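Spelled out, the chains give:
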Amino acid sequence: MNITEETYGSTLILTCKGELTEDTLDAFKQVVERHFPDLDHPGQSEPPAQHDNAPSGNSQVPPSQNQGTDSSANEISSTVRGLVLDIKAVPFIDSAGLEYLLDLRDRISAESGTLKLVNIDENVSKILEITQLDIAFERFDDLSQAIKTA
């Protein structure tokens, strides 16, 4: 999975490309944990940073994004409250990906934040409908609308 990151005010926008499956979930979690370290590691911000620097031949997050963001991630994580996932280029999400998104939504919400899905691929939209999770997430067709409501 390839993930690009940007912030807009207190909202983190992750643009994802590739399937969100059990096989790619670790790369996605690493990016999320950099910005929301308290979610998976209460009181600890070191494990995600160490994880990011571990050598990995399968790293899907471009090295240029791993470098230079570690020092700012601590600053960002203290101000980021909302997460917008642009999943236009995500053609498939398996049960592990759905479970993580639900858990992530609940944990961000517990910290008074929001998780929004934007530009949902037609196949992913069908998956959400079949699993009856289409009402579990705030969904938007337009990135600017998702940001405005964050």
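Residues numbered from 1 in each chain as written. Predicted model: local features only at pLDDT ≥ 70, side-chain atom pairs only at ≥ 80, totals over all residues. Heavy atoms only, no water.

**Some details on the sheet that holds strand E2 (residues 11-17)**
Item 1. Across the sheet, 5 strands lie side by side as E1-E2-E3-E4-E5; this open sheet has mixed pairing. In this open sheet, the two edge strands, each paired with only one partner strand, are strand E1 (2-8) and strand E5 (138-140). On average, each strand axis in the sheet is tilted by 25° relative to the strand beside it, whichever way the strands run.
Item 2. Here 3 bridges tie strand E4 (residues 114-118) to E5, and the two strands are oriented parallel to one another. Bridged to Val118 within E5 is Phe140.
Item 3. Each of E1, E2 and strand E3 (82-89) is contacted by helix H1 (residues 25-35), which is oriented at about 20° to E1, the strand it contacts most. (Pairing = 2+ DSSP bridges. Helix = DSSP H or I, 4+ residues; strand = E, 2+ residues; numbered from the N terminus. Axes fitted to C-alpha atoms, helices over the stretch in contact; angles between N-to-C directions. Contact = heavy atoms within 4.5 Å.)

**Digging into unusual backbone geometry**
Item 1. Of note, Ser112 is a non-glycine position whose phi angle comes to about 65°, a positive value.
Item 2. In this structure, Ser112 sits in the loop between helix H6 (95-110) and E4.

**Concerning the nonpolar core**
Item 1. By size, the foremost hydrophobic cluster in this structure holds 32 residues, and its most contacted members are Leu14, Leu20, Phe28, Leu83, Leu85, Val90 and Leu128.
Item 2. Those elements that provide at least two residues to this core are E2, H1, E3, H6, E4 and helix H7 (122-130).
Item 3. By residue number, the principal contributor to this core is H6, which donates 6 residues.
Item 4. Setting aside anything within four residues of it in sequence, one finds Phe28 in contact with Met1, Ile3, Leu14, Cys16, Leu20, Leu85, Tyr100, Leu101 and Leu104.
Item 5. Listed in part, the 6 residues of the second largest apolar core include Ile13, Val118, Ala146 and Ile147. (Core = buried A, V, L, I, M, F, W, Y, C linked by side-chain atoms within 4.5 Å. Buried < 20%, exposed > 50% of the residue type's maximum accessible area, 1.4 Å probe, protein only.)

**Some points on the pairing of E1**
Item 1. Of the strand pairs in this sheet, E1 and E2 are connected by 7 bridges, and their pairing is antiparallel. Bridge pairing in E2 links Asn2 to Lys17.
Item 2. Hairpin connection of E1 to E2: 2 residues between the antiparallel strands, including Gly9 at a positive phi of 65°.

**Structural notes on the side chain of Asp121**
Item 1. When you line up the elements, Asp121 lands in the loop between E4 and H7.
Item 2. For Asp121, which is buried and forms no salt bridge, the nearest opposite charge comes from Lys126, at a distance of 8.6 Å.
Item 3. One polar contact links the side chain of Asp121 to the main-chain amide nitrogen of Asn123, over a distance of 2.8 Å.
Item 4. If we ignore the near neighbours within four places in the chain, the residues touching Asp121 are Ile87, Lys88, Val90 and Pro91. (Lys, Arg positive; Asp, Glu negative; His and termini not counted. Salt bridge = Lys/Arg side-chain N within 4 Å of Asp/Glu carboxyl O. Polar contact = N/O pair within 3.5 Å; in protein donor to acceptor, adjacent residues only side chain to side chain.)

**Focus: H7**
Item 1. Among the residues of H7, those classed as buried are Val124, Ser125, Ile127 and Leu128. Take H7 and look down its axis: the buried residues cluster within an arc of 160°, on one side only. In H7, the exposed residues that point more than 90 degrees away from the buried face are Glu122 and Ile130.
Item 2. Check the buried side of H7 and you find it contacts E3, H6, E4 and E5.
Item 3. N-capping of H7 is provided by Asp121, with a side-chain oxygen placed 2.8 Å from the backbone N of Asn123.
Item 4. Downstream of H7 by one or two residues, Gln132 has phi in the positive range, about 60°. (Arc of directions from axis to C-beta.)

Any functional reading would require information beyond the geometric quantities listed.
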